[in-house]
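Residues per chain, in single letters:
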Amino acid sequence: WGYRLQLQYDGSAFDGVPLEVPRLLYGTAVSDAITEDDPSSLFAFWGVQGDIIRISMNRASGDLDPLLELLDSRGQRLLRDDDGSGSANALIDRYALPYTGVYYILAKRYDGNLKPATTSGQFNLILSQILP
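Keep in mind that this is a model prediction, so the values were computed, not measured.

Cut-offs applied
Residues numbered from 1 in each chain as written. Predicted model: local features only at pLDDT ≥ 70, side-chain atom pairs only at ≥ 80, totals over all residues. Heavy atoms only, no water. Pairing = 2+ DSSP bridges. Helix = DSSP H or I, 4+ residues; strand = E, 2+ residues; numbered from the N terminus. Core = buried A, V, L, I, M, F, W, Y, C linked by side-chain atoms within 4.5 Å. Buried < 20%, exposed > 50% of the residue type's maximum accessible area, 1.4 Å probe, protein only. Salt bridge = Lys/Arg side-chain N within 4 Å of Asp/Glu carboxyl O.

Trainee: Looking at this model, I keep getting lost on the sheet that holds strand β5 (residues 66-71). Mind explaining?
Mentor: One key point about sheets: their strands pair by backbone hydrogen bonds, in either a parallel or an antiparallel sense. Pairing is mixed in the open sheet, where 5 strands are placed in the order β1-β3-β8-β5-β6. On the outer flanks of this sheet lie β1 (23-24) and β6 (77-81), each paired with one strand and no other. As defined by bridge partners, β5 adjoins strand β8 (residues 101-109) across 6 bridges and the pair is classed as antiparallel. Bridge pairing links Leu70 to Ile105 in β8.

Structure representation (structure tokens):
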């Protein structure tokens, strides 16, 4: 009745993701700030093809005009949103992930020509999976 269990380490799903980039799980809420010295924040998460996600970035203080970008594992932009949540908040809603792997969320400020590109302040970011 003996058995043998053997594990093999094949690396991490986050190999290649810089150590300073925070990893998020579905249901995670984080607070951060956009400042003159730190104009963006980058986060990584693991997603499965077909997962339907929602990412919200809401201003918590200051005059920040939040802007969200969803990037693929190579850093190429998949989606961008500036005011999808209204009141100068950003929202990526009901997006089905195209592959299984690492994704990045780039949180920054609006950099267009209609408003100052120097807004700053605290923000709250939430990554959610929408279940069918």
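Now that the structure is up, let's keep going.
Trainee: Just checking my understanding: could you explain the nonpolar core for this structure?
Mentor: Inside soluble globular proteins, nonpolar side chains tend to come together where they are buried. In terms of nonpolar packing, the biggest core is built from 20 residues, with Phe45, Ile55, Leu68, Leu70, Ile105 and Leu125 touching the most fellow members. Those elements giving two or more residues to this core turn out to be β3 (40-47), β4 (52-59), β5, β7 (90-96), β8 and β9 (121-129). Formed by 8 residues, the second largest nonpolar core is a distinct cluster that contains Val17, Val21, Tyr104 and Leu106.

Trainee: Got a minute to help me understand the pattern of salt bridges in this structure?
Mentor: Close approach of charged atoms lets side chains of opposite charge pair. Taken as a whole, this structure holds 6 salt bridges when the rule is applied. A salt bridge links Glu69 to Arg77, with the shortest nitrogen-to-oxygen separation between them at 3.1 Å. The partner of Lys108 in a salt bridge is Glu69, and the shortest N-O contact between them spans 3.3 Å. Separated by 39 residues along the polypeptide, Lys108 in strand β8 and Glu69 in strand β5 bring together distant segments of the chain. Here Lys108 matches Glu69 in class, with each residue buried. Each member of the salt-bridge network shares a partner with another, and the members are Glu69, Arg77, Arg80 and Lys108.

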